[in-house]
Structures are given as structure tokens and as C-alpha cells.
Amino acid sequence: MASGSCPSCGAAVGADARSCPSCGSPLTPRPGPGVPAPPENGGGTVSAASADRPLSSDLNRRLARLAQWASASETLDVQLPRLPTWAEEAASRSRSPESWAEVVRAVERLAQRRLGEAFDKWEARTSGRIGRLEAYSVDSRLERGQVEDAVHAARLGDIAQALATSQQVDRVVALKERHLDQARGDLERLSVFLRDLEALGLVEAGETAEVATELERELRTGRLASLKQRLRLLRSRAASRVAEALPELTGRIGDRLAAERQAGAANDAEVRELATAAREVLAGRVEEGVHRLRTLQSARGLGAPDGPAKGSTERLRGP
């Protein structure tokens, strides 16, 4: 009986051996005389194991894609179907992956349907957010076009592209909203501050409304950078006016509290509140201190002073 060698380890093997006695590698029996040799790789039919490998690879790719969809779709507020962990492991290790292929395809179809519905809701929600930005003249033409691109990609089944585009849109829109909301908040805080100053007689009657109208118009035209600059300037001027008028303000309210005490009123809490308000102003927390002063003045029945307070004859907006 002719012998040969193992193609894997080189050990001697018998002609009829089906596996190497040294390394255990499977051996192809040698054909007898007149028997054609088995086809080499790339010719003839392939084994069932080789045929299963591409199917197994495609199945694993589909499972991985479902996992990516589920992770990326959290921002869409949608729950996507997934195979249980045990089923994913069984499918990835199965020697007959074709039995799992249809199950995975069914899960994909359901996931795509839910994603399509979620993208429709996301389009409506995001279009509303963009509409608010555009109402304040914030340029969002690019984001509006990207919304259309994302929804179109989802309808074509390109879920990965649709998710990537939607996440980019969400990031940019959120950033623009944050800048707009900050400017809106700064404007409203300044308006409250100026109304307190007007009640204390440190701003001309009616000027607060005029300033608020001008600033709102600037906000609506989308000039956020210049608006922030104006807000800083107006606050600085107002804070300087408060610092200059603080002795007069505290003296006027203090005189009323002293008169009440001489009349037998117990107003220790109000006296402490007046001192706290003055300290807030001196510590740079001007808005808080001024609001405390206005509250005290109103509680004592004091209106704005008959004559103008220091600096109040100059308009905050300047010449």
C-alpha cells in the first residue's frame, strides 16, 4: 500500500488514511487508477460547509446591522425589535443559517417599518423647531434640506444614512436653539431689571418698554451677536446708575422704616432686608439687590421719588 505525507504537518500517512495520525487534519483519499482527481479550489462544486460560509457571514452582518439600528435610533424615541440574545448567539453559531435567515429578514422588515413611522414623526417635530428658529431669522435652510434627505433615505431603506443625517440635524438645531434661548433669557432678565429701576425712579417712565421693544426687534432679526453686546452695555449703565443712587435709595427707605419704628411698629425683618439688599448691590449682584429694594419700597407704600434720582435724567440708551 502506497504511502504519502500529510499536507499540513508533513507526517507520513497511509494511502487509505482519512485523517493525519499526528495532527488530525482531514485527508482526501487518493484516487485509484483511472479515477479523476477531485477539482481544485475554484472548479467544480463546493462542499456544503463552504456554501454555508457566505450565508453565515451575511446573517452575522444582518444581526450586527439590527444592533446598530437599535442603538442609533434612541434619539428617534422608538423601540426597535431585536432577536433575544440567546437567539442571536444560536443564529451566529448555527450550522444551518438558512433556517434563521427568514427570521432575521422578518425582524428587519418590522424594524424598517417602525423606523419609517418614527422618521415621519421626527420630520414633523424637527420642522417645528426649525420654524421657530426661522421666526427669529436664524438661517436654517441647510438643516431643512437635510431633514428631507434623511426622510428620503429612510424611505429608500438606507437606514444608516438616514440615522446619521438626522443625528447631525439634531446637533446643529439644538446648538442654534441654545444660542437663541440664551439671548431670549438675557433679554427677559434685563427687562425685569429695568422695570425694577423704573419703579425706583432710576429710569425714565416708559423707557423700559421702549428698550424692550427695540431689543425684541433685534432678536427677531437674528442679530444675536449685536444684541448680546447691547444687553451688556445696557446692564453696565444700569448697574452704574444703581451704585450711584444706592445711598439715596437706602436712605429714603430707611427713613420710612425709622419712622415706623418710632411709631411702635416691629420691623426688624424689614431693616435686615434693607441691609441685605444693599449688600447684594455692593457685591455685584445688582439685579437681586434692586429687586429687594423695589419689594421693600412697595411694601412700605413708597412710590417713585417725586424728583429724579441721581443719573435718571440720562436715558440708558445714551445719545
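Look up a bit, the structure's there.
Residues numbered from 1 in each chain as written. Predicted model: local features only at pLDDT ≥ 70, side-chain atom pairs only at ≥ 80, totals over all residues. Heavy atoms only, no water.

For the rest of this paragraph, the subject is the side chain of E260. Along the chain, the position of E260 falls in helix α7 (residues 224-262). With relative accessibility at 16%, the residue E260 sits in the buried group. Beyond its immediate sequence surroundings of up to four residues, E260 is in contact with A265, N267 and R300. (Helix = DSSP H or I, 4+ residues; strand = E, 2+ residues; numbered from the N terminus. Buried < 20%, exposed > 50% of the residue type's maximum accessible area, 1.4 Å probe, protein only. Contact = heavy atoms within 4.5 Å.)

A word on the pattern of salt bridges. This model, assessed by the stated rule, comprises 20 salt bridges. For the salt bridge of R65 with E108, the shortest nitrogen-to-oxygen distance reads 2.6 Å. Here R65 is found in helix α1 (residues 48-72), whereas its partner E108 is found in helix α3 (residues 98-135), with 43 residues between them in sequence. Relative accessible area serves as the criterion here: at 28%, R65 is assigned to the partly exposed category. Salt-bridge contacts for R129 lead to E177; the nearest nitrogen and oxygen are separated by 2.8 Å. A residue pair is termed long-range when its members are at least 10 positions apart, and R129 in helix α3 and E177 in helix α5 (residues 159-199) qualify at 48 residues. Owing to a relative accessible area of 25%, R129 belongs among the partly exposed residues under this scheme. A single salt-bridge network, built from bridges that share partners, covers R62, R65 and E108. (Salt bridge = Lys/Arg side-chain N within 4 Å of Asp/Glu carboxyl O.)

A positive phi angle is found at D77, which is not glycine, with a value near 55 degrees. Summarising the element assignment, D77 is placed in the loop between α1 and α2 (85-93). Residue classification places D77 among the exposed residues on the basis of a relative accessible area of 71%. Even without being a glycine, S137 presents a positive backbone phi close to 60 degrees. Mapped onto the elements, S137 comes out in the loop between α3 and α4 (141-156). Take S137: its relative accessible area is 42%, and that puts it in the partly exposed class.

In contact at an axis separation of 9 Å, α5 and helix α6 (residues 207-220) are set at 175 degrees when each is read in the N-to-C sense. By the angle between their directions, the pair α5 and α6 is classed as roughly antiparallel. For the pair α5 and α6, the contacting residues are L180, A183, R184, L187, L190, S191, L194, R195 and E198 in the first and E207, T208, V211, A212, L215, E216, L219 and R220 in the second. Residues of the contact of α5 with α6, tallied by class, amount to 9 nonpolar, 2 polar and 6 charged. (Axes fitted to C-alpha atoms, helices over the stretch in contact; angles between N-to-C directions. Parallel < 35°, antiparallel > 145°, perpendicular 65-115°, else oblique. Nonpolar A, V, L, I, M, F, W, Y, C, P; charged D, E, K, R; others polar.)

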